[in-house]
Each structure stands twice: as C-alpha cells, then as structure tokens.
Amino acid sequence: MNAMSLSHLKAVVFDWAGTVVDFGSLAPMGAFVEAFGEFDVEISIDEARVPMGMAKRPHVAALLAMPRIAAEWQRVHGHAPTEADIDAVYAVFVPKNLAVAASFADLIPGAAETAAALRAAGVKIGSTTGYTREIMAKITPRAAEQGFAADAMACTGDVPDGRPTPFLMWKVLTDLQVYPAWSVVKVDDTEVGIGEGLNCGAWTVGVAVTGNVFGLSRGDTAALSPEAFAERRAKAVEKLTSAGAHYVIDGVADLLPVLAAISGRLARGERP
C-alpha cells in the first residue's frame with residue numbers, strides 16, 4: 001500500500017468500541033443489563049445491543065421505549081418510564097461502564113497497522129464515540145500503548161446531539177481542519193454510526209464481524225462452525241448495508257484496500 005493509492009483521501013474517522021477496540025463491543029452490555037437489574041427490570045444482551053452507537057443516555061431512553069421493556073417497567077414500577085427514570089438508570093449505568101472500560105481496551109487486530117499505514121500516507125485519523133470523555137480517558141491511553149491514537153476525537157457531551165446526527169463528525173473535521181466531507185471515510189460497526197457518516201456527507205464503511213451487530217468476543221467468534229459464522233456474518237452485513245454503508249468489511253484489518261478503492265473513485269470524480 002503506497003501513499004499515492006490513498007492520495008485523494010484526507011481523513012478516516014473511526015468509531016471506538018467494536019471498531020478499533022473491544023472486539024464484539026462487549027463493555028457496555030453487562031453494564032446495561034446490570035443497571036436495569038438494579039431497578040428490577042430484566043433486559044437481554046440482544047435488547048441492550050439494539051441502540052448501540054448512540055450516546056448512552058439516549059441509549060437508555062431507547063431501551064425504555066422498547067415495548068417489552070416499557071411494559072415490564074410499567075409492571076414493576078406502576079407507571080410508564082419517565083425522563084426521571086431515564087436519568088436514574090443512566091446514573092447507575094455510567095459508573096458501571098466506567099469501571100469496566102479499561103478492561104475492554106484491547107485493540108482489534110489490524111487497528112495499529114492500519115493507523116500506521118494511514119499516517120505513512122499522510123491521511124489524518126479522527127474518531128467519534130458514544131462514550132463520554134470520562135470513559136474515553138480510561139481507553140485512549142491503553143489504545144495508544146498498543147499503537148492506535150487519533151489526531152482528533154469527539155465524544156458524547158462535546159456537541160448538542162449524538163449519532164445519527166453529523167455533529168460529532170463535523171466537530172472532528174473542524175478540529176482536523178479537513179474538508180470537504182466527501183474526502184473523508186467514516187468507519188463504524190453500528191447502524192447509527194453509518195448514519196452519522198452519511199449525514200455528514202462522508203463515505204461509510206461498516207464493520208461486520210468485530211463489532212456490535214455480530215456481537216461475539218474474539219474467542220467465541222473463532223469457536224463458531226463455518227456455517228454458523230457465515231450465517232451470522234451475512235446478517236451483520238445485511239444490517240450495515242441496509243443502514244447505507246458504501247462498503248462492509250469484517251474488521252479494520254481489511255480496511256486499506258477499501259480505502260484505496262474509495263480514493264480511486266474520488267480520482268474519477270465520484271462522490272458518496
């Protein structure tokens with residue numbers, strides 16, 4: 001991969017959990033289940049995954065808006081979920097997520113090598129996340145030790161609203177001093193993260209196997225039979241494609257050829 005093959009790209013903006021760290025996007029899942037459990041409402045991991053990629057308070061709100069969870073809350077507490085209930089669950093969730101964040105900061109295979117190749121090609125690295133800066137303060141030092149660091153990062157709380165709005169992306173591109181948005185690629189493992197990139201006007205690459213939609217650890221993924229892996233992967237690819245991703249890859253280790261293809265399309269005058 002030589003520098004010229006990426007010459008029409010100015011920046012790549014990565015999500016974090018499920019994209020560059022935390023294979024399977026596991027860190028928030030137990031925290032959501034435990035937080036709801038403290039209010040005597042049981043939710044499943046699959047339910048907890050549905051709004052992934054959103055800022056975490058809106059994520060709690062989205063969970064409480066799900067008909068089954070809302071009905072269970074009504075049964076247990078005698079009233080429909082309120083804004084105060086959202087705040088209460090979120091307040092319990094945050095310290096739980098904070099406590100485990102650093103434990104799920106291992107880089108996903110290919111993240112460090114991809115970052116090094118981008119720097120060698122003169123392409124800037126940005127990042128957006130549904131995590132707060134407090135949580136990211138636990139993750140970014142660990143990631144940097146392993147070889148991945150961003151030139152600019154936008155977190156929940158930095159802008160008026162999170163995904164799928166483009167505000168986090170706009171902040172990162174402003175901080176990177178990069179434009180136009182069509183010279184940028186957004187890489188994300190969630191549907192709302194793909195929406196964020198599209199709403200910004202960037203190219204989008206969905207991450208199928210290492211992320212939230214596939215939803216398994218590296219070890220559990222490796223243990224799947226070829227048939228089970230193919231079936232689960234196909235479902236993940238379909239979800240990200242339906243969300244509008246221009247390309248879908250298994251993980252960031254597969255990203256560079258896709259970036260080269262996008263750079264080539266830009267050279268021919270194509271736009272996302």
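The structure displayed is predicted, hence computed values, not measured ones. (Residues numbered from 1 in each chain as written. Predicted model: local features only at pLDDT ≥ 70, side-chain atom pairs only at ≥ 80, totals over all residues. Heavy atoms only, no water.)

### Considering the sheet that holds strand β2 (residues 124–132)
- Read from one edge of the open sheet, six strands run β3-β2-β1-β4-β5-β6, paired in parallel fashion. Two strands in the sheet have a free side with no partner beyond their single neighbour: β3 (152–156) and β6 (247–249). The mean angle between the axes of side-by-side strands here comes to 20°, regardless of whether they run parallel or antiparallel.
- As paired elements, strand β5 (residues 203–207) and β6 share three bridges and run parallel to each other. Opposite Val 207, over in β6, you have Ile 249 as the bridge partner.
- Relative to the sheet, helix α7 (residues 133–146) contacts β2 and β3, its axis offset from that of β2 by approximately 125°. (Pairing = 2+ DSSP bridges. Helix = DSSP H or I, 4+ residues; strand = E, 2+ residues; numbered from the N terminus. Axes fitted to C-alpha atoms, helices over the stretch in contact; angles between N-to-C directions. Contact = heavy atoms within 4.5 Å.)

### Focus on the state of the cysteines
- With the rule as written, the count across this model stands at zero disulfides.
- For the unlinked cysteine Cys 155, the closest cysteine sulfur is that of Cys 200, found at 17 Å. (Disulfide = S-S within 2.5 Å.)

### Brief notes about the UniProt feature "active site" (unreviewed entry) in the protein
- Those residues carrying the UniProt feature "active site" (unreviewed entry) are Asp 15 and Lys 56 in this numbering.
- Its place among the elements puts Asp 15 in the loop between β1 (11–14) and α1 (27–37).
- When residues no more than four places from it in sequence are discounted, the contact partners of Asp 15 are Val 20, Thr 128, Thr 129, Arg 163, Lys 186, Val 187, Asp 188 and Asp 189.
- A distance of 2.9 Å separates polar atoms of two side chains, one belonging to Asp 15 and the other to Arg 163.
- Of note, Lys 56 is situated in helix α3 (residues 56–65).
- For Lys 56, a relative accessible area of 5% corresponds to the buried category.
- For Lys 56, the contacting residues outside a window of four places in its chain are Pro 28, Phe 32, Tyr 90, Phe 93, Asn 97, Gly 130 and Tyr 131.
- Only 3.3 Å separates the side chain of Lys 56 from the backbone oxygen of Met 54, close enough to count as a polar contact. (UniProt positions renumbered as here; feature names shortened; annotations may be inferred. Polar contact = N/O pair within 3.5 Å; in protein donor to acceptor, adjacent residues only side chain to side chain. Buried < 20%, exposed > 50% of the residue type's maximum accessible area, 1.4 Å probe, protein only.)

### Overview of the UniProt feature "binding site: Mg(2+)" (unreviewed entry) in the protein
- UniProt records the feature "binding site: Mg(2+)" (unreviewed entry) at Asp 15, Ala 17 and Asp 189, using the numbering of this structure. Separation in sequence by 175 residues is not matched in space for these annotated residues, since their most distant C-alpha atoms are only 8.3 Å apart.
- Along the chain, the position of Ala 17 falls in the loop between β1 and α1.
- Among the residues examined, Ala 17 registers a relative accessible area of 10% and is labelled buried.
- Beyond its immediate sequence surroundings of up to four residues, Ala 17 is in contact with Asp 22, Ser 25, Tyr 131 and Asp 189.
- Looking at Asp 189, the relative accessible area reads 0%, which means it is buried.
- Excluding residues that lie within four positions of it along the chain, Asp 189 makes contacts with Asp 15, Ala 17, Gly 18, Thr 19, Ser 25, Val 207, Gly 211, Asn 212, Val 213 and Leu 240.
- A distance of 3.1 Å separates polar atoms of two side chains, one belonging to Asp 189 and the other to Thr 19.

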